[in-house]
2 protein chains.
Amino acid sequence: MMFSYALQAADGAARAGVLTTAHGEVGTPTFMAVGTAGTVKAMTADAVRATGAKIVLGNTYHLMLRPTAERVAKLGGLHKMMDWPGPILTDSGGFQVMSLAKLRKMEEAGVTFRSHLDGTAYFLSPERSTEIQHLLDATITMVLDECTPHPATYDEAALSMALTHRWAGRSRAAFVAREGYGQFGIVQGSTYEDLRRESAAALGAMGFEGYAIGGLAVGEGQAMMYAMLEVTTPCLPVEKPRYLMGVGTPDDLLGSVARGVDMFDCVMPTRAGRTARAYTSHGVFNMRNARFIDDAGPLDERCACLACSRHTRAYLHHLFRCEEMLGPMLLTAHNLTYYQSLMLGAREAILAGAYEAYCAGVRAGWEDG
Amino acid sequence: MMFSYALQAADGAARAGVLTTAHGEVGTPTFMAVGTAGTVKAMTADAVRATGAKIVLGNTYHLMLRPTAERVAKLGGLHKMMDWPGPILTDSGGFQVMSLAKLRKMEEAGVTFRSHLDGTAYFLSPERSTEIQHLLDATITMVLDECTPHPATYDEAALSMALTHRWAGRSRAAFVAREGYGQFGIVQGSTYEDLRRESAAALGAMGFEGYAIGGLAVGEGQAMMYAMLEVTTPCLPVEKPRYLMGVGTPDDLLGSVARGVDMFDCVMPTRAGRTARAYTSHGVFNMRNARFIDDAGPLDERCACLACSRHTRAYLHHLFRCEEMLGPMLLTAHNLTYYQSLMLGAREAILAGAYEAYCAGVRAGWEDG
């Protein structure tokens, strides 16, 4: 089985397609639930499947520290370890090294850092990141890049992008091709249109199985993010999937799909689920709010998840008020189900040539409250 | 449908039977998972069902504070609120008032106390406890008793027991009989054989649908607990179920079944599941122990739960090491499954007249390590 992406329909810049991998197919647009340390927080693998998720993400940084890539490999890989036979995308570890690790030292060769857990020293290079992801048995391996900090001057952004390109080449060289497995390059270029175009072209020439757009959703704002997507996606190969890293709110997802993005990941639905924030077809609710104390209605009457089909808003409120673990469990399940439904609805709308109307309908629902 | 208990077999003092209630049947001996605040901690209701549990317990004290009995009633009762259509036993609230609440004042009429959460004053009497349990829609209502502190002098124990008997009478008078619902009296008497016999006889005369044995597992030790069971269960009506409150370890359960107990509840398997303690057919393990870091075997090869059938000891160790919520979720599911399997095995052994051999086999497994 080849790793492939088949474009099924386009509606404006929005695309519907199917990603075929060694571990199964994924209809796009799709949202990848984040399973940082080999578990989507507060969810069994069965519960993740029940949300409609087809692909999950693992974090190289966390897994290389604990349990280590070698241990995951000895356990038969990440799929087996976490009971997720479906596709798994792993990041390169670079982003978390910059946001979590201590005493980082960036060099051409790679980055030396100390673990945020116990101070142990590690070295992460394009080659080592690629090797770790191979050991994890990632269906989709990401190149090691430098996520250019925001804001960056033009010169800083250009230098950082050039490093990302050199590292992309080394990551590609280190990638061990296997049938049904792929590797994605990562476009950088900060908020500079010409750099974004240059980066997309440079990476496109390297022949990756897909392309991520990095360095966005780092404080530049939605308008700038959309502007960068608008210049980037037209420069990427049409026949390859595009993945916008670390994005975002439901609204971000709709807007980014409209600008040609196929894949997303974000901790938002899972993190929100643990902190009582509910994403629904009526907008965002804080389930700790006392207005829900006697609300015998379902959280979202359009949702078929466990929280919505079997329980009331009052019960969810009660669980969070009592700090019961079932609160985060049910609300994470709901939020992920909401994200999956949003993307499934987008996919169906694109296939029907009605994406704009779909977005308008969804946004009107959020306004209802 | 009548609330009834059918004795199916006896093997020595050990009994197998079937409890029939408005909310379904329960084979005994049985273990009731504790769902304190309307949720078995770290478990969805589906996950509780998957452990083999047929009946769960709710705590009146916690529920009367949050969300309040009246709110539970407005949500359609505890069964509907927590998605547990099966039988639910609720305690009377008395035990938690004594162990958790502040500024308690015991009087003949009842107990006045302040909530451990916010200091709000409450009054709990036999009548109010019974009313609360009615509002919760408890399948089995417990009488309000005084759990005699340990140790107690003979006179203290006798006085406390007499109060429990008077409150049992008032609880019985307040109980609104409904088809398939029942109320259990509670035997007290501390560590005094004649008081235990007197209490069993006095309560037996009141015609409850079942009998709990209270005031044990409060520090008197397993030998004394067994001694008290041996004098108590022969004094209880043969055709009614017996419930040993708050017990215990797997070994306690086996020994208590051998002494004529049919029902148990305890926070042990759920609490242990949250603190990395695993009950298995090979004894108790602490999953945080580094010996499991590379252990690719199942937690318990004889167990069919999610943790044992889909994951490794190494993964469970990893989850606890990373403080991932899935660790408590999976280990709670396992521990409850282990308790249910232990009771199911006991039931089958009693029906086959082989209970002693069953216990010997289970205990030999624990010794293996």
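Definitions and cut-offs
In this numbering scheme, every chain counts its residues from 1 along its sequence in written order. Chains and ligands are labelled sequentially in the order written, the chains with letters from A and the ligands with numbers from 1. pLDDT decides what is reported in this predicted model: residues at 70 or higher carry local features, side-chain atom pairs at 80 or more are listed and counted, and totals for whole chains, interfaces and linings draw on all residues regardless. Heavy atoms throughout the structure, all of them, feed into the side-chain values; hydrogens and water do not. By convention, a stacked pair of Phe, Tyr or Trp rings (six-membered ring in the case of Trp) has centres within 6.5 Å and planes under 30 degrees apart, an edge-to-face pair has planes over 60 apart, and any other such pair is tilted. Relative accessibility thresholds used throughout: buried, under 20% of the residue-type maximum; exposed, over 50%; partly exposed, between the two (1.4 Å probe, protein chains only). Working rule: Lys NZ or Arg CZ, within 6 Å of ring centre, within 35 degrees of ring normal, means a charge sits over the ring. For each structure, a 1 Å grid was placed over the protein atoms alone; sets of points admitting a 1.4 Å probe that cannot get out are labelled cavities, open sets with protein on both sides within 12 Å along at least five of seven lines are labelled pockets, and lining residues have an atom within 4 Å of a point. Grid points are joined across faces, edges and corners, and a volume is the space filled by probe spheres set on the points. Three residue categories are used. Nonpolar comprises Ala, Val, Leu, Ile, Met, Phe, Trp, Tyr, Cys and Pro, charged comprises Asp, Glu, Lys and Arg, and polar comprises the others, including Gly. Alignment of copies: least-squares fit on C-alpha atoms of residues with pLDDT of at least 70 in both copies. Any Lys or Arg side-chain nitrogen located within 4 Å of an Asp or Glu carboxyl oxygen qualifies as a salt bridge. Note on conventions: DSSP H or I runs of at least 4 residues are helices, E runs of at least 2 residues are strands, and numbering of each starts at the N terminus. Think of it this way: DSSP has to see at least two bridges between two strands before they count as a pair. Where helices are involved, their axes are fitted lines through C-alpha atoms of the stretch in contact, as for all axes, and angles between N-to-C directions lie from 0 to 180°.

Caption draft 1: Local environment of the packing of aromatic side chains. The final tally for this structure, using the stated rule, is 18 aromatic pairs over all chains. On the numbers, 6.1 Å between centres and 85° between planes, the contact of B:Phe208 with B:Tyr211 is edge-to-face. Overall, B:Tyr211 belongs to the buried group, its relative accessible area being 1%. Above the ring of A:Tyr181, the side-chain terminus of A:Arg178 is found at 4.0 Å from the ring centroid.

Caption draft 2: Expanded view of empty space enclosed by the protein. This model, assessed by the stated rule, comprises 5 cavities of 30 Å³ or more. In this structure, the largest cavity spans a volume of roughly 60 Å³. Its residues placed into classes, the lining of the largest cavity shows 8 nonpolar, 4 polar and no charged. Classifying every residue of the lining of the second largest cavity by side-chain character gives 9 nonpolar, 3 polar and no charged.

Caption draft 3: Here's a closer look at the relation of the copies chain B and chain A. Mapping chain B onto chain A calls for a screw motion: a turn of 180° about the axis and a shift of 0.0 Å along it, with 0.0 Å RMSD after fitting. In symmetry terms, the pair is related by a two-fold rotation axis. Among all residues of chain B, the one whose C-alpha sits closest to the rotation axis is B:Met325, at a distance of 4.1 Å.

Caption draft 4: Up close: the pattern of salt bridges. Using the criterion set out here, one finds 42 salt bridges over all chains in the structure. The residue A:Glu230 makes a salt bridge to A:Arg259 at a minimum N-O spacing of 2.6 Å. Here the residue A:Glu230 occupies a position in helix 9 (residues 222–232), and A:Arg259 occupies one in the loop between helix 10 (250–257) and strand 14 (263–265), the gap between them amounting to 29 residues. Across the pair B:Arg178 and B:Asp137 runs a salt bridge, and its minimum N-O distance is 3.2 Å. Separated by 41 residues along the polypeptide, B:Arg178 in the loop between helix 7 (154–174) and strand 11 (182–187) and B:Asp137 in the loop between helix 6 (126–136) and strand 10 (140–142) bring together distant segments of the chain. Taking relative accessible area as the criterion, B:Asp137 reaches 16% and is therefore assigned buried.

Caption draft 5: A look at the sheet that holds strand 7 (residues 102–106) of chain B. Residues and elements named next belong to chain B. The sheet built from 3 strands is open, its strands ordered 7-8-9 with antiparallel pairing. Because the sheet does not close on itself, it has two edges, and the strands there are strand 7 and strand 9 (121–124). Taking each pair of neighbouring strands and ignoring which way they run, the sheet shows an average axis angle of 15°. Direction of pairing for strand 8 (residues 111–114) relative to strand 9: antiparallel, over a ladder of 4 bridges. The residue of strand 9 that forms the bridge with Thr-112 is Phe-123.

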